[in-house]
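Coordinate analysis (summary)
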Amino acid sequence: MTSTVRRWSIILAGSAACARGAAHPQPFGTTNRGEAVSAYTLKNAHGIELQVLDYGGIIVSLRVPDRAGRLDDVVLGFDSLADYERGSPYFGALIGRYGNRIARGRFTLDGRTYTLATNNGLNHLHGGVRGFDKMVWAAAPFEHGDSVGLVLNYTSRDGEEGYPGTLRATVTYTLTNANQLIFDYHATTDRATPVNLTQHSYFNLAGDGKGDILGHVVTLTADRFTPVDSTLIPTGEIRSVAGTPFDFRTPTAIGARIDQADDQLRYGRGYDHNFVLNKGGTGGDMPLAARVYEPTSGRVMDISTTEPGLQFYSGNFLDGTLRGKHGVVYRHRYGFAMETQHFPDSPNKPAFPSTILRPGEEYRSRTIYRFGVQP
Ligand code: GLA
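Cut-offs used in this document
- Residues numbered from 1 in each chain as written.
- Predicted model: local features only at pLDDT ≥ 70, side-chain atom pairs only at ≥ 80, totals over all residues.
- Heavy atoms only, no water.
- Salt bridge = Lys/Arg side-chain N within 4 Å of Asp/Glu carboxyl O.
- Helix = DSSP H or I, 4+ residues; strand = E, 2+ residues; numbered from the N terminus.
- Buried < 20%, exposed > 50% of the residue type's maximum accessible area, 1.4 Å probe, protein only.
- Contact = heavy atoms within 4.5 Å.
- Polar contact = N/O pair within 3.5 Å; in protein donor to acceptor, adjacent residues only side chain to side chain.
- Near = heavy atom within 4 Å.
- Areas by Shrake-Rupley, 256 points an atom, 1.4 Å probe, with all protein chains shown as cover.
- Nonpolar A, V, L, I, M, F, W, Y, C, P; charged D, E, K, R; others polar.
- Pairing = 2+ DSSP bridges.

For the rest of this paragraph, the subject is the pattern of salt bridges. Where charged atoms of side chains with opposite charge meet at close range, the side chains can pair. Within this structure, the stated rule accounts for 22 salt bridges. Taking the shortest distance from any N to any O, the salt bridge between Lys 325 and Asp 208 comes out at 3.8 Å. Of this pair, Lys 325 sits in the loop between β26 (322-323) and β27 (329-330) while Asp 208 sits in the loop between β17 (198-200) and β18 (217-220), and the two are 117 residues apart along the sequence. Owing to a relative accessible area of 13%, Asp 208 belongs among the buried residues under this scheme.

This is the structure in structure tokens:
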């Protein structure tokens, strides 16, 4: 982008004809329940381009420059809504009410036991059978001086997937001229309920479909993690990463230790664990939680968050059966996710930071992905 005149534009997907600032979503199909789904394309001054659906708040594509300035799509996804509905492993989606697992889909709150939908063996995962990733959100695009974005609203009814209370959720995606993609989460409820919202984009910073992610170099500012049982429920222990394959305090390739003989790696079939961020959950602060560097493209992604935890998932369940955008086949570990969150199964783990939202309180959480390059 050489023009100094050009600032922000919200462009029509597949067409540059749309006037700047005018929100013209493009049709992206109809759900099997008959709901119309739209795609919004947001672009910043450096050419970073994001395509988002009102269905599940799904990020379908995200084009960012490499060290030579060449744009590539760095997230996994599908070409059609039918593919997303047929069985997506949460590609690009907003997750709620609860990111990650709740053991046996049960928890007790204020003396009452609640039973949630179970959709991952005996456990509840990512909000249940029909979580926030499968809902059509009300979407409103916006444009400010130095950013462009989309406000997504969804009201989850009392009893949905077994959860108590009507939950009103607002998630704002903002793409700034500083190459940040900001997620702001807000929610209120009329009855006490667990809430743990996150974003489940899968990345391959070399480019979508361009091989596995084992060469990506990861840094995590986490001295500790939460080990799991064989069904990926935290045992409750908070364990030091020192001397384990979970020590990413200095930059280390994802593949460097992933196949070591280690019970935790065996349970996760690789990395699928919640890291306890050293400076996590410190309110308004936005400490760096993670950095991912991809050496061939030079792309870097920095993640900062107000959340206390981060689920690092190395795409272990991808097995070559899914065909993504432009027909690419998603083989084992072709993408990774960095889900900022509260810890899994917190409603059953009193020692973990609380995930309970009560009437009159506001749920607020912010995560920033910043894209850059390194030599
Ligand atoms: C999270 C979970 C994983 C897996 C992926 C989606 O990262 O922890 O076990 O469910 O989502 O496949």
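The structure having been displayed, the exposition proceeds.
Its location among the elements puts His 273 in strand β22 (residues 272-276). On the basis of relative accessible area, His 273 is assigned to the buried category, the value being 0%. Residues contacting His 273, with those up to four places away along its chain left out, are Phe 225, Val 228, Phe 246, Gln 264, Gly 268, Leu 310, Gln 311 and Phe 312. A polar contact is formed between the side chain of His 273 and the side chain of Gln 264, at a distance of 3.1 Å.

So, on to the site of the ligand. Neighbouring the ligand are 14 residues, the closest being Asn 100, Arg 101, His 126, His 200 and Asp 272. One of the side-chain nitrogen or oxygen atoms of Asn 100 is found 2.8 Å away from an oxygen atom of the ligand. Taking His 126, its side chain carries an N or O atom lying 2.8 Å from an oxygen atom of the ligand. Here the ligand, which alone exposes 300 Å², has 95% of that area covered by the protein. Its residues assigned to classes, the shell around the ligand comprises seven nonpolar, four polar and three charged.

Okay, the sheet that holds strand β24 (residues 299-305) next. The strand order across the open sheet formed by nine strands is β12-β13-β14-β15-β30-β24-β23-β18-β21, and the pairing between neighbours is antiparallel. Each end of this open sheet is capped by a strand with a single partner; those strands are β12 (138-143) and β21 (252-253). Sheet topology note: the strand β13 (residues 147-156)/strand β14 (residues 167-176) ladder contains ten bridges and is antiparallel. Counterpart to Leu 152 in the pairing with β14 is Val 171.

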